Amino acid sequence: MRYRLLEHTADLMVAVYGKDLPELFCNAAFMLFDIMVDIKQVEPKLNEPVELKSIDLEELFLDWLRELLYRFSIRGFVPNRVAIEHLNPASFELKAQLTGEVYQPDKHGLKIEIKTPTYHKYRLEQNATGWIATVVLDV
């Protein structure tokens, strides 16, 4: 399971899973766009590199989500594939390659618009089976 929706009264709360940090970050990207558009209709036409550096691992995860939402809202970029090239949990750095295409409303639809991840009830934890991120998304 990549992610699951959780009960929340106003916004959208999700739990994202990964056996390791790269898988968690990939699954988080999948979650965002699976919730917003018909991700099965996204074709691998364009590649976009991403480089992020944050103050800690928790912030890096949120910065990742913010960066993906920024690229969607400003450039209309919708990824359907993510390759994590480098993720250093000690220096809080991430390099990734996004593959996808420019958003087309008639092709991809819009299920729900996600504005930003919030700090409300946010958790990033490692357990015996891997990693879990719980985050509330402002819709």
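Structure first, text after, so check above.
Here is a short report on the structure shown in this document. Quick caveat: nothing in here was measured; it's all calculated off a predicted structure.

**Overview of the sheet that holds strand E4 (residues 77–88)**
Now for step 1: Spatially, 3 strands are ordered E3-E5-E4 in an open sheet, and the strand pairing comes out antiparallel. Because the sheet does not close on itself, it has two edges, and the strands there are strand E3 (46–53) and E4. For this sheet, the mean inter-axis angle between neighbouring strands, taken without regard to orientation, is 20°.
Now for step 2: Each of E4 and strand E5 (93–102) is contacted by helix H1 (residues 21–36), which is oriented at about 165° to E4, the strand it contacts most.
Now for step 3: Relative to the sheet, helix H2 (residues 57–75) contacts E3, E4 and E5, its axis offset from that of E3 by approximately 140°.

**What to know about H2**
Now for step 1: Taking 1.5 Å of rise per residue, 19 residues should cover 27 Å, and H2 covers 26 Å from first to last C-alpha, within 8% of that figure.
Now for step 2: Regarding H2, the residues found buried are Leu 57, Glu 59, Leu 60, Phe 61, Leu 62, Trp 64, Leu 65, Glu 67, Leu 68, Leu 69, Arg 71 and Phe 72.
Now for step 3: In this structure Asp 56 caps H2, since a side-chain oxygen of it lies 3.3 Å from the backbone nitrogen of Glu 58.
Now for step 4: Backbone geometry just after H2 places Gly 76 at a positive phi near 70°.

Conventions adopted
Residues numbered from 1 in each chain as written. Predicted model: local features only at pLDDT ≥ 70, side-chain atom pairs only at ≥ 80, totals over all residues. Heavy atoms only, no water. Pairing = 2+ DSSP bridges. Helix = DSSP H or I, 4+ residues; strand = E, 2+ residues; numbered from the N terminus. Axes fitted to C-alpha atoms, helices over the stretch in contact; angles between N-to-C directions. Contact = heavy atoms within 4.5 Å. Expected span 1.5 Å × (residues − 1). Buried < 20%, exposed > 50% of the residue type's maximum accessible area, 1.4 Å probe, protein only. Polar contact = N/O pair within 3.5 Å; in protein donor to acceptor, adjacent residues only side chain to side chain.

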